[in-house]
Every structure is written in C-alpha cells, then in structure tokens.
Amino acid sequence: MLNLMDKQKIIIKSFIEGKSQHCIHRETGFDRKTIRKYIGQYEEKKSALLESSSDKILLTEDIVSIAKYDSSSRSKIKLTDEIIEKIEFHLKENEVKRATGRSKQQKKNIDIYESLAEGGYDISYCTVSNYIKAKLDKAKEAYVRQEYKLGDVAEFDWGHVNLIIAGKTKAFQMAVFTTAKGNFRFAHLYNNQKMQSFLDSHVKFFNKVGGVHKTLVYDNMKVAVARFVSKTEKMPTEDLLKLSIYYGFKHRFCNARRGNEKGHVEKSVEYVRRKAFSKKDTFENIDEANKYLEDMLEKLNSKPSKYHDNKSPSDILEEEFQYLNALMPSYDIAKTMEIRVNKYSVVTIDENKYSVPDALVGKFVTAKIYPENILIYNNNNMITEHLRSYGRHTWNIKIEHYLKTLKKKPGAIHSSTAMQQMNPRLQAIFNKYYTENPKDFIELIEIISENGLDKIEKIINKLERIAPLGVDTEKIKMLCNRSTDTVLENNKEGITEIEKHSKSLLNQYATMLNNSAVPFHKETSII
C-alpha cells in the first residue's frame, strides 16, 4: 500500500508538472489503477472543497490523507472454520481455569499457536494472535473513585525483598498493610509467606495502630483463600476466620487479577521497598533489617501529603483511632505440636533439630512454633526457647541441655555438636582453661546457667590479673558465692570502707612486729 509521500509524488507530477498517468507509471512504477484512483480522488475532493458548502475541515482532511482499503469483505484464506473451532476450544479452556483459581496456568497466544502447529495446521502466529485479540477485545474498563470513612478499611499484601544478610544475598517476604483513608503504612520482613507469618503480621499491625479497622481487604493468596466456591465467591481459610472472629473485623477478597481493588497497598509494596531498601540493603541479621524498616516507616508516615490537606498519614491515623474496633490482647498465632524427644535429646521441627534437657529423652514435649522463635514445654512448664532456623537439616544445640550426659561422659564434649554450636565466648574459656579438664568445665556451665556468662567472665578476668595460671572452677564458684565482688577491685578501681579499715589494722600489726607492711598489702590484694 502506498504511503503519503507516494501520494505526494503522484499529485505533484500530475497537477504541477503536467505529466500523463502513463508517464507517472513509467517513472514511479506505481500501478496505473492506483495512479488513476489518487488523481481522481484529488480532483473530486478539490472541486468539492472549492465549490461545496460542506464541512471544509473534513474535505481538507480527505485531500491530504492516504487512501484506505476496505478489507472487511475479504475471505480469510487460512483461518478456516476448523482452525477457529480449535482456537475457541483453547479460549474456553482458559476461561475454566480462571474460574477455578488456575489463572496462572492459562495458555498464552503463543501456546495456542504452537498447539495448532503441532496439530499440523498451516497458519501464522500473527493470524492466531489477531483473531484472539478481536475475540477478547472489550471496552476499556472504567474505575469508580472511592471515598473511605475513618476507621473503615485497611488492605494487606505480600512483596518480596532481596537483602544482603551477613554478607550473603537472601530473599525475604515483606508483609505490608495500608490504611485506605490516610495511606498509613506498616511493613515487616519474614522468611516466608506461611500462615504463622501471615497471622503475626496482623497482630503486629493491630498493636501498632492501637485498634482494628472494620474491614480488611486481600487478594486471592492461599493463606487467606481456602478454595474458590465460584468465580466470584471464595471460602476463607480457617485461620483467617478465627483471626477475624477474635479481632472483630470483616474480610473482603479482590476479584481475580484486579489489583486496583486494593490499589493503596499494591502501590505501597513498591513504595516501601523502594524508599527503604534502595538506600540501604545490607544488614547483619533480619532483626536489624526490621528495625531499619520500622524507622523508615516512621519517617514516611510523618510526611505531610498535599492530597490530604498537608496532613501526614500518622495525623489521619490519629483521627481514625476513635472509629477503630477496640484492640484485643495479642492473638496467640503459634502452631502447636506434640513431639517425642529422640535419643540425641532433640526434637525435629520442619526438618531442623532443637535440643531439650537430656532428662527428657524418649518423652513427649509440646512445641509452640512462632515465625521467629520456638518455645518448648513439658507439663505446661517452658523448658527452653530457641531462635527458629530456616535452614535445612540444621542442629540447634544448647550445651547446658547435656550436663547430665556429659558428667558421665566428659570426654565426649571435645568433638560434640554442642561444642561446635556453643557461644564463642564460652568456647574461648574452654580452649584456654579446660581442654585437659572437661569435667570441671561441665560444672562451670551449671554455674553460668545460674549466674550468667557476663558475671563469670568478669570474675575470670579478675582472677587472671591476680594469678593467670590459677583460674579454675572452684575459685570461680567461691567468688560467685560472695555477696559482693568488690573485694577483687584493686586500689585504682576503688577501695571499700572495710578494706580501708582492714589495711589500717594490718599496718598497725606490722609496726608492732617491726616488720614491713608490704607482705600484708600483697595479702589484702588477694582477699
């Protein structure tokens, strides 16, 4: 088909240069019928423009536009009824998948084309794609702007964040809440999108705002939607129902592929991720990252908005407070399990091992599993707490859980898993003073469990200043049993009134004996 420049050549050669149609055909190579049509149309439109009273703007447009060909009556040579039937079958199959929650498993245009090609049909991808586009083409959707009441709606969504933790890149899931009225944002990082993380994020959000919005909006995430009853009706999960009953809020689900129905939080995920972690993405651990995220959100929520009369999201949340449902005590989001302790005095949770006191080998204990930690109970008494591990087949051992066993087998401590996972400060004490006497080290662990590692390290440091080779468990135990440890302080660190009085008496005795007081000073420094 000729373009506008080709039309210009024909008009100029005919009307300006006065050349015949045959001459124009010979010089340009354009089809004679096409040349005749352009010249005829130009003459007709020009006459109408000069003589007629019709709309001159439309006539002018006709003169300068290129010809349009009507191909609507053309028959489709390769797009036969049989091929159309095959395409319709795939489109119907996609419709069923959308209605049953399998929208991500639909066939794209290229998949339908490849299916036809595999069936031996001779047709191009462009033809298939154009037919599908025409078939599915709909009028553009209009959106209705919403006005929200104070305390009415909050929206939830997940987003992923890649951070560098302790020098290694790791992916985290970010739970994000946004209030519909004022765009107050709350976010927290988790290791996964499992139910405990989902529930914990709600508890943290409610505690942060000091109340509960009347309606919470979700998309079709599996932790919220148990199953699709129909294309528009979804059955919530049991855990979401329990949470909504406890806090007294209603839930609402978006239609499939309708992120605009919770547009506040859709934008907030990208906004929070960009504003917070584009500036800093390297941390020692997830706790540090969450603290940084919390600080950044405080700044973002305190920023005035021109869309809300220069009020900040925090200001509007304060106005919402009186309209929120009353805050309940924190919901216990733990997953509870009854587990038997194996011969290594550990329990297995999500393929990872966690130690318990060795007296419980073979017995059942109760584990309460939270996103960040694990509490283990025996007879309703908490016996230990572990940080939750998200590795695979990890062993999380506390050496104090094996005191009973190690007293019987002290030599086993050297190469034990407990030793490998022991606090580095405790390992340093063992390597420096107890490699030849592991039995006394086991007794030291009992003392540490009663008095704390910080206190024991201070005592060891003071013993080292007095007698570097004389550090042992008996001396540490003796000093722990004293009511005060100030007796070990030297003159530079401060002297108690009792010490002053004692040294005065010793000096008097030294004078009476006509002896030097120096030995007594040495003695008092040891007392």
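Keep in mind that this is a model prediction, so the values were computed, not measured.

Next up on the list: the overall build of the protein. Within the protein one finds 20 helices and 15 strands. Sorting the 527 residues of the protein into buried and exposed places 36% on the buried side. Across the protein, every contact between residues at least 6 apart in sequence was considered, and the portion connecting residues at least 24 apart equals 57%. Working note: accessible area of the protein is about 32200 Å², and carbon and sulfur atoms make up 51% of it.

As a further point, take the sheet that holds strand β15 (residues 395-396). Across the sheet, which stays open at both edges, the three strands sit in the order β10-β11-β15 with mixed pairing between neighbours. Since the sheet does not close on itself, it has two edges, and those belong to β10 (346-349) and β15, each with one partner. Bridge count for strand β11 (residues 352-355) against β15 is two bridges, and the pairing is parallel. From the neighbouring strand, tyrosine 354 faces β15, where its bridge partner is asparagine 396.

With that out of the way, let us pick up helix α8 (residues 195-209). The end-to-end C-alpha distance of α8 is 22 Å, a good match for the 21 Å that 15 residues give at a rise of 1.5 Å each. Counted residue by residue, α8 has 12 buried out of 15 residues, so it is predominantly covered. When α8 is considered as a whole, its buried residues turn out to be Met195, Gln196, Ser197, Phe198, Leu199, Asp200, Ser201, His202, Val203, Phe205, Phe206 and Val209.

What follows concerns a nonpolar patch on the surface. A surface patch of nonpolar side chains, amounting to about 280 Å² of accessible area, comprises Ile12, Phe15 and Ile16. Looking at where isoleucine 16 falls in the secondary structure, it is placed in helix α1 (residues 4-16). Look at isoleucine 16 and you get exposed, because its relative accessible area is 68%.

Let's shift gears to the sheet that holds strand β14 (residues 381-387). Pairing within the open sheet is antiparallel, and its four strands lie in the order β9-β12-β13-β14. Unpaired on one side and paired on the other, β9 (335-340) and β14 mark the two borders of the sheet. Here the strands of the sheet are splayed against their neighbours by 25° on average, with no regard to which way each runs. By the bridge criterion, six bridges tie β9 to strand β12 (residues 364-369) in an arrangement that is antiparallel. Across the sheet, threonine 336 pairs through a bridge with lysine 368, a residue of β12.

What follows deals with the packing of aromatic side chains. A complete count under the given rule lists 21 aromatic pairs for this structure. Ring centres of tryptophan 158 and tyrosine 190 lie 6.3 Å apart, and the angle between their planes is 85°; this geometry places the pair in the edge-to-face category. In this pair, tryptophan 158 sits in strand β1 (residues 153-165) while tyrosine 190 sits in strand β3 (residues 185-190), placing the two residues 32 residues apart along the sequence. The pair tryptophan 158 / tyrosine 190 is uniform in exposure class, with both members buried. Summarising the aromatic geometry, the rings of tyrosine 218 and phenylalanine 253 are spaced 6.3 Å apart at their centres and angled 50° between planes, so their arrangement reads as tilted. Taken together, the residues tyrosine 218 in strand β4 (residues 215-218) and phenylalanine 253 in strand β7 (residues 250-253) connect sequence positions 35 residues apart. Residue classification places tyrosine 218 among the buried positions, given a relative accessible area of 0%. Positioned over the ring face of tyrosine 38 is lysine 37, at 5.8 Å from the centre of the ring.

Considering every residue of the protein, the mean pLDDT works out to 79; 76% of them sit at 70 or more. Ranking the elements of the protein by mean pLDDT puts helix α20 (residues 518-526) last, at 40, and β3 first, at 96. Below pLDDT 50 for its whole length, residues 483-495 participates in 18 contacts with residues either more than four positions away or in separate chains. Considering only residues more than four positions removed or in separate chains, one finds that residues 513-527, a stretch of pLDDT under 50, has 14 contacts.

Before going further, it helps to examine the packing of helix α5 (residues 81-99) against helix α7 (residues 125-136). Where α5 contacts α7, the axes come no closer than 11 Å and their chain directions differ by 60°. The angle between α5 and α7 falls in the class oblique. Both α5 and α7 take part in a crossing whose hand is right-handed. Residues Ile84, Ile87, Glu88 and Leu91 of α5 lie in contact with α7, whose contacting residues are Val128, Tyr131, Ile132, Lys135 and Leu136. For the contact of α5 with α7, the per-class residue count stands at seven nonpolar, no polar and two charged.

Reading guide: rules and limits
- Residues numbered from 1 in each chain as written.
- Predicted model: local features only at pLDDT ≥ 70, side-chain atom pairs only at ≥ 80, totals over all residues.
- Heavy atoms only, no water.
- Helix = DSSP H or I, 4+ residues; strand = E, 2+ residues; numbered from the N terminus.
- Buried < 20%, exposed > 50% of the residue type's maximum accessible area, 1.4 Å probe, protein only.
- Contact = heavy atoms within 4.5 Å.
- Areas by Shrake-Rupley, 256 points an atom, 1.4 Å probe, with all protein chains shown as cover.
- Pairing = 2+ DSSP bridges.
- Expected span 1.5 Å × (residues − 1).
- Patch = residues over 30% accessible without salt bridge, like charges linked within 9 Å, V, L, I, M, F, W, Y side chains within 5 Å.
- Salt bridge = Lys/Arg side-chain N within 4 Å of Asp/Glu carboxyl O.
- Axes fitted to C-alpha atoms, helices over the stretch in contact; angles between N-to-C directions.
- Phe/Tyr/Trp six-rings, centres within 6.5 Å; stacked < 30°, edge-to-face > 60°.
- Lys NZ or Arg CZ within 6 Å of the ring centre and 35° of its normal.
- pLDDT = per-residue confidence, 0-100.
- Parallel < 35°, antiparallel > 145°, perpendicular 65-115°, else oblique.
- Left-handed = near helix turned anticlockwise from the far one by under 90°.
- Nonpolar A, V, L, I, M, F, W, Y, C, P; charged D, E, K, R; others polar.

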